[in-house]
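Below, each chain spelled out in residue letters.
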Amino acid sequence: MKCSIRSKLFIVLIGLVLFFVILSLVLNNVFLEDYYLMKKRNTLLNSLRGIDKLYESGNEDMYLELEKIERVKGLHIVIADEYFNIVYDSMRKQEGSSPRIRIMPSEFDKQNLQTHLIKLKSQQLKYEDIIIETGQDNRMDSNFLSLFSTLYNGDFIYLNTAVAAIEENVELANKFFLFTGMLTLLTGSILIFFITGRFTTPILQLNRIAQRMVTLDFSERYPVTTRDEFGQLGNSINSLSEQLEESITELRDANEKLKEDIERERKIDEMRKEFISNVSHELKTPIALIQGYAEGLKINVNDDEENKNYYCDVIVDEAGKMNRLVKQLLELSYIQSGELMLEKSNFNILALIEQVVKKNELIFNEKNISLSIENGVNILVNADYERIEQVLINFLNNAINHVDNSLIIKVSVNKFGSKCVVSVFNSGKHINEEHLENIWTSFYKIDKARTREYGGTGLGLSIVRAILNSHRNKFGVKNVKDGVEFWFDLDCVD
């Protein structure tokens, strides 16, 4: 089972609290008694030094000071001269007694003191020599700690303090400490639970952000509210997320561009192959006709002058088609290569349309086509005059070749903001949606038989596209009521 960092931290901290509680109980049992006795010994030693200084000074308030020491520190003080006569006994002191007044102790105290004092005398106890002993008063059923020493003047001093039943005190201390330890453990568990939550919540939040970064999702940011290590780590994660997002976005853009370049190269390669195939196909028929009719002339298939002239006309006509095809191919290649330098100028688009219509007036009259110019507004545009004339001629030729029996062609000029839109309409059947985008491709023919009939090469609209792309102008075709409309726009001159 997976253990979270919060659970681990909680267990570790609770374990530490339990360790210190148990350690305290063990230390109480092992060292508390020795510590207690050491503190009692220090109390006797400190009291001895204080009494020696007080006794040496001969202060009139000596007895009052001794009484203070007795009551504050809980001591029994006895002072005896070198002949074992009691000079001062805190338990037998009379009101108003003065120093060096001999007070007779009880028989038990006297025997007890004399026993110890004789022992001290035999040991030749010197000034500042100290003997500390532990004993038991069977009469009072209590333990005591005694100190024997000499004062500056050679008098003996006996200090005695009761020693409590340390085992009972240790047991009592352990019970109380166990109670406080459990209370500490309970309150500590609650505090540790919330404290670990404050530590682990930022870690979990940072981990969630890092996991989202793995999936390339950089939308989430860590809310930095502190300046500690979590705040610094949060700033680092946020900075890393921003840099990764920027780098991956750049990589994605570069990848998309690379895909577009690869796709464009693939299309160019396909177009190149198709172009070669189309050129070969377009040249194959006239070459075959020229070759056939030339061979017929060579072997005099027909001797009469009329047939010879027909053969020659066919050869000339097919050679002319080949010549036009080659010229259009060279022109299209020249425009698409980017070598075409546009010679832009300001001119009246309506005047140019009228001029192109007038040049083709004989064709319109010959085919009984009704041509009209609608919305004839004088608009100045900025473009290459000759190339736009070529666009108009190609659009009109396309309209003438595809007009139906209604024989209606309309040219219109409209202004929309900074753009002038020229459209050429011809009555006829609509173009299927699947062909609308492809008709601008070189050699693309919707009806190949009809194209062959009027001698089209399938390059006219490709040349139009190349010219208008060089101008950075838009163009298109759409099916309208009763026919088809081709259009392009130009930049107006303010």
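Because the structure is a prediction, the values reported are computed rather than measured. (Residues numbered from 1 in each chain as written. Predicted model: local features only at pLDDT ≥ 70, side-chain atom pairs only at ≥ 80, totals over all residues. Heavy atoms only, no water.)

S.K.: What exactly am I supposed to notice about a nonpolar patch on the surface here?
M.R.: Taken together, the side chains of Val12, Leu16, Leu18, Phe19, Phe20, Ile22, Leu23, Val26, Leu27, Val30 and Phe31 make up a nonpolar region of the molecular surface, amounting to roughly 990 Å² of accessible area. Topologically, Leu27 is positioned in helix 1 (residues 5-57). Here Leu27 falls in the partly exposed class, since its relative accessible area comes to 39%. (Patch = residues over 30% accessible without salt bridge, like charges linked within 9 Å, V, L, I, M, F, W, Y side chains within 5 Å. Areas by Shrake-Rupley, 256 points an atom, 1.4 Å probe, with all protein chains shown as cover. Salt bridge = Lys/Arg side-chain N within 4 Å of Asp/Glu carboxyl O. Helix = DSSP H or I, 4+ residues; strand = E, 2+ residues; numbered from the N terminus. Buried < 20%, exposed > 50% of the residue type's maximum accessible area, 1.4 Å probe, protein only.)

S.K.: Which parts of the structure should I look at to understand the pattern of salt bridges?
M.R.: One side chain can pair with another of opposite charge once the charged atoms of both are near each other. On inspection of all chains with the given rule, the structure shows eight salt bridges. Across the pair Lys359 and Glu389 runs a salt bridge whose closest N-O atoms are separated by 2.8 Å. A residue pair is termed long-range when its members are at least 10 positions apart, and Lys359 in helix 7 (residues 349-359) and Glu389 in helix 9 (residues 385-402) qualify at 30 residues. Take Lys359: its relative accessible area is 54%, and that puts it in the exposed class.

S.K.: Explanation requested: the nonpolar core in the structure shown.
M.R.: Taken as a class, soluble globular proteins show a tendency for nonpolar side chains to be buried jointly. Within the largest apolar cluster, 40 residues are counted, with the highest numbers of intra-cluster contacts made by Ile349, Ile388, Phe395, Phe486 and Phe488. Looking at this core, the elements that each hand over two or more residues are helix 7, strand 8 (380-384), helix 9, strand 9 (408-416), strand 10 (419-427), helix 12 (460-471) and strand 12 (483-492). Looking at which element gives the most residues to this core, the answer is helix 9, with seven residues. Ignoring anything within four residues of it in the chain, the contact list for Phe395 reads Val424, Trp440, Leu461, Val464, Phe486, Trp487 and Phe488. Residues Tyr55, Met62, Ile77 and Val87 belong to the second largest nonpolar core, which totals 22 residues. (Core = buried A, V, L, I, M, F, W, Y, C linked by side-chain atoms within 4.5 Å. Contact = heavy atoms within 4.5 Å.)

S.K.: Looking at this model, I keep getting lost on the packing of helix 9 against helix 12. Mind explaining?
M.R.: How two helices pack is summed up by the angle between their axes together with the distance between the axes. In contact at an axis separation of 10 Å, helix 9 and helix 12 are set at 150° when each is read in the N-to-C sense. When you trace helix 9 past helix 12, the crossing you get is left-handed. Residues Arg387, Ile388, Gln390, Val391, Asn394, Phe395 and Asn398 of helix 9 pack against Gly460, Leu461, Ile463, Val464, Ile467, Leu468 and His471 of helix 12. Residues of the contact of helix 9 with helix 12, tallied by class, amount to eight nonpolar, five polar and one charged. (Axes fitted to C-alpha atoms, helices over the stretch in contact; angles between N-to-C directions. Left-handed = near helix turned anticlockwise from the far one by under 90°. Nonpolar A, V, L, I, M, F, W, Y, C, P; charged D, E, K, R; others polar.)

S.K.: Would you mind showing me how to read the environment of His402 here?
M.R.: Structurally, the position occupied by His402 is in helix 9. Residue His402 is classed as partly exposed on the basis of its relative accessible area of 32%. Separated by 25 residues in sequence, His402 and Ser427 place their C-alpha atoms 8.1 Å apart. Among the polar contacts listed, one links the side chain of His402 to the backbone oxygen of Asn398, at a separation of 2.9 Å. (Polar contact = N/O pair within 3.5 Å; in protein donor to acceptor, adjacent residues only side chain to side chain.)

S.K.: In this structure, what is going on with the pairing of strand 12? I would like to understand it.
M.R.: A regular strand places its side chains on the two faces of the sheet in alternate fashion. Within strand 12, eight of the ten residues are buried, which leaves it mostly tucked inside the rest of the structure. Judged from the six bridges that link them, strand 11 (residues 475-480) and strand 12 form a sheet pairing that is antiparallel. Within strand 12, the residue paired with Lys478 across the bridge is Glu485. Adjacent in sequence and paired antiparallel, strand 11 and strand 12 are bridged by two residues, among which Asp482 carries a positive phi angle near 70°. (Pairing = 2+ DSSP bridges.)

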